[in-house]
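The primary structure of each chain is shown beneath.
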Amino acid sequence: MRVPVALTIAGSDSGGGAGIQADLKTYAFHQVHGTSVLTCVTAQNTQGVNRVDALPVAAVVAQIEAVVRDIGTQATKTGMLLNAEIINAVVSQVKGFNLEPLVVDPVMVSRSGDQLIDDQAVTSLREGLIPLATIVTPNRYEAQLLSGLEIHTLDDMRSAAQRIYQLGANAVLVKGGAMRGDLCGVDVWFDGSQFYTLKTTLIETKNNHGTGCTLSSAIAANLALGQTPFTAVQRAKEYVTTALQHALDIGQGYGSVGHFFPLLPA
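Only a predicted model underlies this, so the values are computations on that prediction, with no experimental measurement involved.

Attention now moves to the pattern of salt bridges. Counted under the stated rule, the structure contains six salt bridges. Two residues, Asp23 and Lys77, come together in a salt bridge whose shortest N-O distance is 3.1 Å. In this pair, Asp23 sits in helix α1 (residues 19-29) while Lys77 sits in strand β4 (residues 75-78), placing the two residues 54 residues apart along the sequence. Exposure class is identical for Asp23 and Lys77. Each is buried. Across the salt bridge formed by Lys175 and Asp105, the nearest N and O atoms sit 3.8 Å from each other. In this pair, Lys175 sits in the loop between β7 (172-174) and β8 (187-190) while Asp105 sits in the loop between β5 (102-104) and α4 (119-129), placing the two residues 70 residues apart along the sequence.

If you want it as structure tokens, here you go:
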């Protein structure tokens, strides 16, 4: 049986809720074969991250080459790339293998506002990887860092999307999961010509670990299935909303979304 293939280049989450693990679950849900390139290994659970170890750049490159030369890919997404050396290597591989469409989840700042990578890595993302993106999906704080703007209102989100679009991405989705009040969960799309405000039912749950990874991989899966970028975003947002409705109450902290909700008991 021939099925579409989607590649994820990201870190491992030992707790299973985010990173490579979330991406592969999401690909499987969409009936897309998932391939993976590990950039770093984390020791984490529902309560937090205890340790992060980067893989050697040569190992990251070797994984990409092994997958793409044999299996190929109909869509690629990037998640946690951790440092400038890995980011620059991924940029070179994306260009060399023409890995399009490309979804860039610029994992730089957590939803709570903590910066996760250093300034050199941020520069490499901004100047190297984002200009190659079909869609870039920053959260509120990542959008602030990329645009240089404070984001408090819907107009702020639109202005930031415009600024980030000018970095070279084909389209920008500024995510509103960290916004306050009525804007919580509201996303803004900008493709250089049109704005769209995307809103679904707000799900009240603390078990929302992995939503960013899941959204970006769902977008990549839909692109691999042949959907247009905007339709891919719409369908991905619907999937994440439903997965949040079936979020998993596991561990003592923040559980993950229910990636495989059709298989859960009623």
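Attention now goes to the nonpolar core. Side chains of a nonpolar character, in soluble globular proteins, are inclined to be buried together. Residues Ile64, Val90, Leu129 and Val136 are the most contacted members of the largest nonpolar core, which totals 47 residues. Those residues in contact with Val136 that lie beyond four places of it in its chain are Val104, Pro106, Ile130, Ile164, Ala169, Ala171, Val172 and Leu173. Val32, Phe230, Val233 and Val257 belong to the second largest nonpolar core, which has 28 residues in total.

Now for unusual backbone geometry. In this structure, the amide linkage connecting Glu100 to the following residue, Pro101, adopts the cis form with an omega of -10 degrees. With respect to the helices, strands and loops of the structure, Pro101 is situated in the loop between α3 (84-97) and β5. A positive phi angle, near 60 degrees, is found at Gln31, a position not held by glycine. Looking at the secondary structure, you find Gln31 in the loop between α1 and β2 (33-45). Take Gln31: its relative accessible area is 66%, and that puts it in the exposed class. The backbone of Asn98 sits at a positive phi, close to 50 degrees, despite the residue not being glycine. In this structure, Asn98 sits in the loop between α3 and β5. Residue classification places Asn98 among the exposed positions, given a relative accessible area of 51%.

Another point: the environment of Lys175. Among the residues examined, Lys175 registers a relative accessible area of 10% and is labelled buried. With 23 residues separating them in the primary sequence, Lys175 and Leu198 have C-alpha atoms 9.3 Å apart. If sequence neighbours within four positions are ignored, Lys175 has contacts with Asp105, Thr137, Pro138, Asn139, Arg140, Met157, Val186, Asp187, Gly212 and Leu215.

Think of an α-helix as 3.6 residues a turn; residues three or four steps apart then line up on the same face. Taking 1.5 Å per residue, 14 residues should reach 20 Å; helix α7 (residues 211-224) reaches 20 Å between its end C-alpha atoms and fits that length. Here α7 lies mainly inside the structure; 14 of its 14 residues are buried. Two residues or fewer past α7, Gly226 is found with a positive phi of approximately 100 degrees.

Side chains Ala75 and Lys77 project from β4 onto one buried face, and the interleaved Thr76 and Thr78 project onto a second face that is buried too. As defined by bridge partners, β4 adjoins β5 across three bridges and the pair is classed as parallel. In the strand pairing of β5, Lys77 is matched with Val103. The parallel pair β4 and β5 is bridged by α3, and the resulting crossover is right-handed.

About the criteria used
Counting restarts for each chain: residues are numbered from 1 in the order of the written sequence. Side-chain atom pairs in this predicted model are given and counted only at pLDDT of 80 or more, local residue features only at pLDDT of at least 70, and totals for whole chains, interfaces and linings cover all residues. Based on all heavy atoms of the structure, the side-chain values leave hydrogens and waters out of the count. Whenever a carboxyl oxygen of Asp or Glu lies within 4 Å of a side-chain nitrogen of Lys or Arg, that contact is scored as a salt bridge. Helix numbering and strand numbering both begin at the N terminus, where a helix is a DSSP run of H or I of at least 4 residues and a strand a DSSP run of E of at least 2. The rule is simple: take the accessible area with a 1.4 Å probe, protein chains only, and divide by the maximum for that residue type; under 20% is buried, over 50% is exposed, in between is partly exposed. We define the nonpolar core as a collection of buried residues of types Ala, Val, Leu, Ile, Met, Phe, Trp, Tyr and Cys that are connected through side-chain atoms lying within 4.5 Å of one another. Working rule for contacts: check all heavy atoms of both residues, and any pair within 4.5 Å makes them a contact. For a helix, the expected span equals 1.5 Å multiplied by the residue count minus one. Strands pair, by our definition, only if DSSP identifies at least two bridges between them. Handedness rule for crossovers: strands pointing away from the viewer, path from the first strand over the helix to the second running clockwise, crossover right-handed.

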